[in-house]
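Spelled out from the first residue to the last, the chains are:
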Amino acid sequence: MGDILDVTLSPTDKNGTTTLSNGNLTVTMTTATTGNIRATHGKTTGKWYWEIKYTGHDWFFVGIANMNYPIASPDYYGTSGNALNIRTIYAATGAKFPENVAYSSRPAAGDVIGIALNLDEGKLEFYINGKSQGVSHTNILSMGEVYPFIKSQSTTSKVITVNFGATPFDYDIPYGFYSYDGRQSKWHNKFLISSEDKYYSVSTLKYSDNTVIPKMTSNTAPSGIASASNTNIPSFPYRAFDGDIGGTWYATASFPINLQYEFTQSRVIGKYSLLGYTAENNSKDWTFEGSNDGVNWTVLDEQENQTNWTVGEVRNFSFKNTANFKIYRINITSNNGGSLIQVAELLMYEILEFPRVKSLDSLSESNFLIHGKDKNGEIDMHLMLKHRSYQSTGSNILGSGKVFKQKIDTTKIPIKKATIT
């Protein structure tokens, strides 16, 4: 693996209006084309991973560059030899460069962009919120030593924070990779629970990868019903569920005011995201609520003093919920001082699987790697563990099949039914 490195963005290998903060892990860029910055350390071999998040404008490139790329060069479209010394994606479109061809989905402010640099096989791969976008480049070995790299393409301010591994990543490191600074790997952040000489693994909540609200084209199409207690025509309620951050639902700021979506069938929602627009018109205080009849509402989440929004910013909120509701709404009681209340997008994520406990028969390497829980994960002690399973790796040959044995203390775990298939 090599030594653990104190990797940051370089305070000396940068150009344009690029201001560093947060221990040189956050860069604010306001210069077009010539706003460039490399990291302090390069790589020639190994498999490495790092993550970035951004707020503000999405006109920037992220990926790798070698030292042959002039830090002050304005070339990023592949019109000269300089561009051959970079391999990036463009956050504003998801295109890859220097080819300037379609590659990935477009990340939004608040999303996590993961970069997997495989210098053993000469491949570069990008992830958005833990989901691979596929291999972007297979020709990086010709570049020699490469560095994590960020390039501005607009004078509009953007703030980009990089995690090279000094703190836990938001998403799992790809199998076989190390954090760019060498501190973490797919194996280092795992643990099992031990009790009375037994070993257990507890799974985490699993949410849908995307919002479960379809992209609405009207208040009632393609399915479900979008509505609000007030609206300024033509910014109808469905504009907050249409997948387009350029179009918003808004209404005169007369509180309380609510925005809601009714599913065709009840769902267990456990997380939602709010995309802001004009800072002063963004929500400041609200409750997120569920109902099955539109009359009786259950408060699922409460937020206060949500201030200092930036245009296009995404804020994510999760809460503890085990109940099915057909209707969910955000009930807003104040904004940030504007004359309107405005929501660019309201996204909702369904709970697909509740936590379960798995009993393991041994502390083997395979059990540790497969069932070990990530150290930056959470075990939610407020949710009842209703499901339990057993893993046994031992077996006895019986004819053409196998018999698996596991002792069960029936005083602790009553058995009401057993089925053999």
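Everything quoted here is computed from the prediction, not taken from an experiment. (Residues numbered from 1 in each chain as written. Predicted model: local features only at pLDDT ≥ 70, side-chain atom pairs only at ≥ 80, totals over all residues. Heavy atoms only, no water.)

**Brief notes about the pairing of strand S7 (residues 86–90)**
This is how it is decided: Burial status follows relative accessibility: with a 1.4 Å probe on protein chains alone, a residue under 20% of its type maximum counts as buried, one over 50% as exposed, and anything between as partly exposed. Where helices and strands are cited, they refer to DSSP runs of H or I of at least four residues and of E of at least two residues respectively, numbered from the N terminus. When DSSP locates at least two bridges between a pair of strands, those strands are taken to pair.
Burial runs high along S7: 5 of the 5 residues are buried. The two faces of S7 match: Ile86, Thr88 and Tyr90 on one face and Arg87 and Ile89 on the other face are all buried. Two elements, strand S6 (residues 60–66) and S7, share 5 bridges in a ladder whose sense is antiparallel. In the strand pairing of S7, alanine 65 is matched with isoleucine 86. Pairing analysis gives 2 bridges linking S7 to strand S8 (residues 95–97), with the strands arranged antiparallel. Bridging across to S8, isoleucine 89 finds its partner in lysine 96.

**Remarks on the side chain of arginine 329**
This is how the line gets drawn: For the purposes of these results, a polar contact is taken to be a pair of N or O atoms within 3.5 Å, where, inside protein, one atom must be able to donate a hydrogen and its partner to accept one; residues adjacent in sequence count only when each atom of the pair is a side-chain atom.
Its place among the elements puts arginine 329 in strand S27 (residues 325–335). Polar contacts involving the side chain of arginine 329 include one to the side chain of glutamate 289, which spans 2.7 Å.

**Some details on the sheet that holds strand S9 (residues 101–102)**
Pairing is antiparallel across the open sheet formed by 7 strands, whose spatial order is S1-S4-S13-S6-S7-S8-S9. Looking at strand neighbours, the two that pair on one side only are strand S1 (9–15) and S9, the edges of this open sheet. Examined bridge by bridge, S8 and S9 share 2 bridges and lie antiparallel to one another. Along S9, the bridge assignment pairs lysine 96 with valine 101.

**Re the sheet that holds strand S25 (residues 298–303)**
To keep things clear, this is the line we draw: Throughout, an axis means a line fitted to C-alpha atoms (over the contacting stretch in the case of helices), and angles, computed between N-to-C directions, take values from 0 to 180 degrees.
Taken in spatial order, the 5 strands make up an open sheet running S20-S22-S27-S24-S25, and their pairing is antiparallel. Each end of this open sheet is capped by a strand with a single partner; those strands are strand S20 (225–228) and S25. Put simply, the sheet's adjacent strands are angled 20° from each other on average, direction ignored. Of the pairings in the sheet, the one linking strand S24 (residues 283–291) to S27 comprises 8 bridges and is antiparallel in character. The partner of tryptophan 286 across the bridge, within S27, is isoleucine 332.

**Re the packing of aromatic side chains**
Stated formally: For this analysis, a ring pair means two rings from Phe, Tyr or Trp (six-membered ring only for Trp) whose centres lie within 6.5 Å, classed as stacked if their planes differ by under 30 degrees, edge-to-face if by over 60, and tilted for the remaining angles. For a lysine, the NZ atom is tested; for an arginine, the CZ atom; a charge sits over a ring if that atom is within 6 Å of the ring centre and within 35 degrees of the ring normal.
Applying the stated criterion to the full structure yields 23 aromatic pairs. When the ring of tryptophan 50 is compared with that of tyrosine 180, the centres are 5.1 Å apart and the planes differ by 75°; the resulting orientation is edge-to-face. Taken as a pair, tryptophan 50 in strand S5 (residues 47–56) and tyrosine 180 in the loop between strand S15 (178–179) and strand S16 (190–191) lie far apart in primary sequence, 130 residues in all. Each member of the pair, tryptophan 50 as well as tyrosine 180, carries the same accessibility label: buried. Ring geometry for phenylalanine 164 versus tyrosine 180: centroids 5.7 Å apart, planes at 45°, classification tilted. A residue pair is termed long-range when its members are at least 10 positions apart, and phenylalanine 164 in the loop between strand S14 (158–163) and S15 and tyrosine 180 in the loop between S15 and S16 qualify at 16 residues. The same class applies to phenylalanine 164 as to tyrosine 180, namely buried. We note lysine 43 situated over the ring of tyrosine 180; from NZ or CZ to the ring centre the distance is 4.9 Å. One residue, lysine 271, lies across the ring of tyrosine 207, its end atom 4.7 Å from the ring centre.

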